[in-house]
Amino acid sequence: VRDNTGAAHGPAGRDAVVTENAVGSEFAGQAAIVTGGSQGIGGAIARRLSDGGAAVTICARRPDRVADAVERLRASGARAHGLAADVRDPAHVRRIVDETVREFGRLDVLVNNAGTGQIRDTLTLELEAWRDLLDTHLTGAFLMSQAAARVMIPARRGVILNIGSVFSVRGMPRRAAYCTAKHGIVGLTQALACEWAPHGLRVVALGPGYINTAREMPIDFSGEVVERRTPQGRWGTPEEMAEVAAFLCSPRASFVNGSLTMADGGWVAYGGW
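Residues numbered from 1 in each chain as written. Predicted model: local features only at pLDDT ≥ 70, side-chain atom pairs only at ≥ 80, totals over all residues. Heavy atoms only, no water.

With that settled, consider the packing of aromatic side chains. Per the stated rule, a full pass over the model turns up three aromatic pairs. With a centroid separation of 6.2 Å and 85° between ring planes, the pair formed by F167 and Y178 is classed as edge-to-face. Placement of the pair is F167 in the loop between β5 (158-163) and α5 (176-196) and Y178 in helix α5, with a sequence separation of eleven residues. The class of Y178 is buried, set by a relative accessible area of 3%. (Phe/Tyr/Trp six-rings, centres within 6.5 Å; stacked < 30°, edge-to-face > 60°. Helix = DSSP H or I, 4+ residues; strand = E, 2+ residues; numbered from the N terminus. Buried < 20%, exposed > 50% of the residue type's maximum accessible area, 1.4 Å probe, protein only.)

Below, the discussion takes up the sheet that holds β5. Spatially, seven strands are ordered β3-β2-β1-β4-β5-β6-β7 in an open sheet, and the strand pairing comes out parallel. In this open sheet, the two edge strands, each paired with only one partner strand, are β3 (80-84) and β7 (260-263). Across the sheet, the mean angle separating the axes of adjacent strands is 15° when strand polarity is ignored. Where β5 and strand β6 (residues 201-208) come together, six bridges link them in parallel fashion. Across the sheet, the residue bridging to V159 is R202, located in β6. Packing against the sheet, helix α7 (residues 238-249) makes contact with β4 (109-112), β5, β6 and β7, and its axis sits at approximately 165° to β6. (Pairing = 2+ DSSP bridges. Axes fitted to C-alpha atoms, helices over the stretch in contact; angles between N-to-C directions. Contact = heavy atoms within 4.5 Å.)

This brings us to the packing of helix α1 (residues 40-51) against α7. Packing of α1 against α7 brings their axes to within 8 Å, and their N-to-C directions diverge by 55°. Here α1 lies oblique to α7, going by the angle between them. Crossing angle aside, the handedness with which α1 passes α7 is right-handed. On α7, the residues that touch G40, I41, A44, I45, R47 and R48 of α1 are P238, E239, M241, A242, E243, A245 and A246. Looking at the contact of α1 with α7 residue by residue, the classes come out as eight nonpolar, one polar and four charged. (Parallel < 35°, antiparallel > 145°, perpendicular 65-115°, else oblique. Left-handed = near helix turned anticlockwise from the far one by under 90°. Nonpolar A, V, L, I, M, F, W, Y, C, P; charged D, E, K, R; others polar.)

What follows deals with the nonpolar core. If you look at the biggest cluster of nonpolar residues, it comprises 33 residues, and the most contacted ones within it are I45, L49, V56, V111, L161 and L206. Put simply, the parts of the chain that give this core at least two residues each are β1 (31-35), α1, β2 (55-60), α2 (63-75), β4, β5, β6 and α7. The dominant element in this core, judged by the number of residues it contributes, is α7, at six residues. Apart from residues no more than four positions distant in its own chain, L161 is found in contact with L110, V111, N112, V204, A205, L206, A245, L248 and C249. L143, M152, A193 and W196 belong to the second-largest nonpolar core, a separate cluster that totals 26 residues. (Core = buried A, V, L, I, M, F, W, Y, C linked by side-chain atoms within 4.5 Å.)

Between the first and last C-alpha of α2 there are 18 Å, a value that for 13 residues agrees with the 18 Å anticipated at 1.5 Å per step. All of the buried residues along α2 are V66, A69, V70 and L73. Projection of α2 onto a plane perpendicular to its axis shows the buried side chains occupying an angular sector of 95°, all on one side. Exposed side chains of α2 directed beyond 90 degrees from the buried face belong to E71 and A75. Among the structural elements, α1, β2 and β3 are those in contact with the buried residues of α2. Looking one or two residues past α2, G77 carries a phi angle of roughly 95°, positive in sign. (Expected span 1.5 Å × (residues − 1). Arc of directions from axis to C-beta.)

We now examine the pattern of salt bridges. Applying the stated criterion across every chain, the model contains 15 salt bridges. Across the salt bridge formed by D108 and R106, the nearest N and O atoms sit 2.7 Å from each other. Taking relative accessible area as the criterion, R106 reaches 27% and is therefore assigned partly exposed. R175 is paired through a salt bridge with D220; the nearest N and O atoms lie 2.8 Å apart. (Salt bridge = Lys/Arg side-chain N within 4 Å of Asp/Glu carboxyl O.)

With that settled, consider the side chain of R202. With respect to the helices and strands, the residue R202 is situated in strand β6. Despite its burial, R202 pairs with no opposite charge, the nearest such side chain being E26 at 9.9 Å. Of note is the side chain of R202, whose polar atom sits 3.2 Å from the backbone oxygen of S250. Not counting chain neighbours up to four residues away, the residues in contact with R202 comprise G158, V159, I160, L248, C249, S250, A253, S254, V256 and N257. (Lys, Arg positive; Asp, Glu negative; His and termini not counted. Polar contact = N/O pair within 3.5 Å; in protein donor to acceptor, adjacent residues only side chain to side chain.)

Right, let's talk about the environment of D132 for a bit. Tracing the backbone through its elements, the reader meets D132 in helix α4 (residues 127-155). The class for D132 is partly exposed, based on a relative accessible area of 28%. Distance from D132 to A177, taken between C-alpha atoms, is 9.3 Å for residues 45 residues apart in sequence. Apart from the residues lying within four places of it in its own chain, the contact partners of D132 are R61, R88 and T116.

Here it is as structure tokens:
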């Protein structure tokens, strides 16, 4: 299995936390968009928001995965809409937001989770590959946030959650593009939070550590290395990330704005390898 930072790993450790989604209706009547929401962390966040009562639009590049994710949500009784879309394309971004508002009548939460992995020697990193990763993670988050804010600001309500990484605050060899994009997510979050707070919006970021997902990502060390390096001695789960995301998007976090919340098992706190 793969994680959101580009490493492979095995099942969660024996002390893994199993999170129950007994969440009531904290997002009842709200509408959310989750980019990259067909699987992994994005899929778990979409389910968690849906479990809380939100109507959810899921968008990702692969139509088959989008359709499967939407079908699963609808089977649980949720209101869900799906779009095969590319957040690098401004026309696609406008369509995502417009269809969500048309389908659900409003937009309250945007989760910018779309991303891709890359591990390359910087000396031979092609400009096209560099641009592709930055456009997916960072430009996509900018375009989606801009389009969503044009709906949220007149309504004077809304939360934008950007998905960062441990590499939002740390570096690692052969990850120049990824580290740059994820550091940029923090800067974007801070700038938008300051600019849009007077209009009733909050913009926050979540920094996952190494997470046990089925998402295919490039690797260059073993899952056992990740386990040894993480102070809690295990990988996180998508459901754990979804719980933190739900808190950040909820009124319980009403005075949290412009900050990066780490959920990494202590990875960033530990300075060794």
